[in-house]
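Structural characterization, general
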Amino acid sequence: MKKSLKLLFLLGFISSLILSQGLYAQKFGYIDSEFLLNKHPDYKLVQEELASVSEQWKKEAQKLEQEIKEMRSSLKAEEVLLTEEMYRERMNAIQEKEKQAIAFNNRVFGINGQYYQKQAELLQPLQSMIFDAIDKVCKRFNLAVLFDKASGPLMIYTDPRHDYSEFVLQELGLEN
C-alpha cells in the first residue's frame, strides 16, 4: 500500500511538472531551406557571382598546371643536352612550380579556402534574411521546434501540412 501511494504521488508530481512546463502543447514544423534558397531571386545572383569568381580561380589553376606540363615537356625534349646539374635545377624548378600549384589550390579551394569564404560572405545576408523570416513564422504559429528538411536524413517522414516553407516565402515577400 505504501509503495503504490508513493508511486501515485510520484506520478502526480511528474504530470503536474510536465503540465506546468507547457510541454504538452509544443508545436513542431519543418521547412526546406533548399526550396527557399532556390525561390529567392538573390540566390541566383549569388550563384552567378560565385561561379564567375570560381571560373577565374580555375583558370589560374589550369594556367599553373599548363606551365608545369610545358616545363616537363621542355625538360624531356632537352634532357640529352643537359648536364646533370642543369637537369637537377630544372627538376627543382618543376617541383617548386608544383608546390606553388598545390598551395594555390589549397588556399583557394581547400577547407576554409577563399572559395568557401567568398561563398559564406555572399550567402550571409541572404541567410540572415531567411532566418529572420523563419523566426517570425515560428513566433506567428507558436512553433517550439522547426526542422530543416534539407539538412540531411534526420526526418524519415514529413507530413506536408507541417511544411512552413510557403509561409517563410510569404514573409520574405516572395509569392509562389
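The shown structure was predicted, so the numbers you read here are calculated from the model rather than taken from an experiment. (Residues numbered from 1 in each chain as written. Predicted model: local features only at pLDDT ≥ 70, side-chain atom pairs only at ≥ 80, totals over all residues. Heavy atoms only, no water.)

Considering the overall build of the protein
The condition is simple: Numbered from the N terminus, helices here are DSSP runs of H or I no shorter than four residues, and strands are runs of E no shorter than two. Only protein chains enter the area calculation, which uses a 1.4 Å probe; residues under 20% of their type maximum are buried, those over 50% are exposed, and those in between are partly exposed. Contacts are assigned to residue pairs with any non-hydrogen atoms lying within 4.5 Å of each other. Methods summary: accessible areas were calculated by the Shrake-Rupley approach with a probe of 1.4 Å, and residue burial reflects only the protein chains presented.
Each helix and strand in the protein was counted, giving 6 helices and 2 strands. Order of helices (α) and strands (β) in the protein, N terminus to C terminus: α-β-α-α-α-α-β-α. Of all 176 residues assigned to the protein, the portion counted as buried reaches 24%. Expressed as a percentage of contacts within the protein between residues at least 6 apart in sequence, the contacts between residues at least 24 apart total 77%. A total accessible area of about 13100 Å² is found for the protein, and carbon and sulfur atoms account for 57% of it.

Some words on the side chain of His40
The topology assignment puts His40 in the loop between α2 (33-39) and α3 (41-78). Once residues lying within four places of it in the same chain are set aside, the contact partners of His40 are Leu126, Met129, Leu172 and Leu174.

Digging into the environment of Ala133
Among the secondary structure elements, Ala133 is positioned in helix α5 (residues 114-140). Setting aside anything within four residues of it in sequence, one finds Ala133 in contact with Val168, Glu171 and Leu172.

Some thoughts on helix α4 (residues 84-109)
Condition: Expected span, for any helix, means 1.5 Å times one less than how many residues it has.
For α4, with 26 residues, the first-to-last C-alpha span of 37 Å sits near the 38 Å given by 1.5 Å per residue. Within the sequence span of α4, burial applies to Met91, Ile94, Lys97, Ala101, Phe104 and Val108. In this structure, the buried side of α4 is in contact with α3 and α5.

Notes on the confidence of the model for the protein
Spelled out, the test is: Summary of the metric used: pLDDT quantifies the predictor's per-residue confidence within the range 0 to 100.
Confidence in the prediction for the protein averages 83 pLDDT; 81% of positions are at 70 or higher. The element-level mean pLDDT for the protein is lowest in helix α1 (residues 2-21), coming to 44, with α4 highest at 96. A low-confidence stretch, residues 1-20 stays under pLDDT 50, and its non-local contacts, those more than four residues away or across chains, total 3 contacts.

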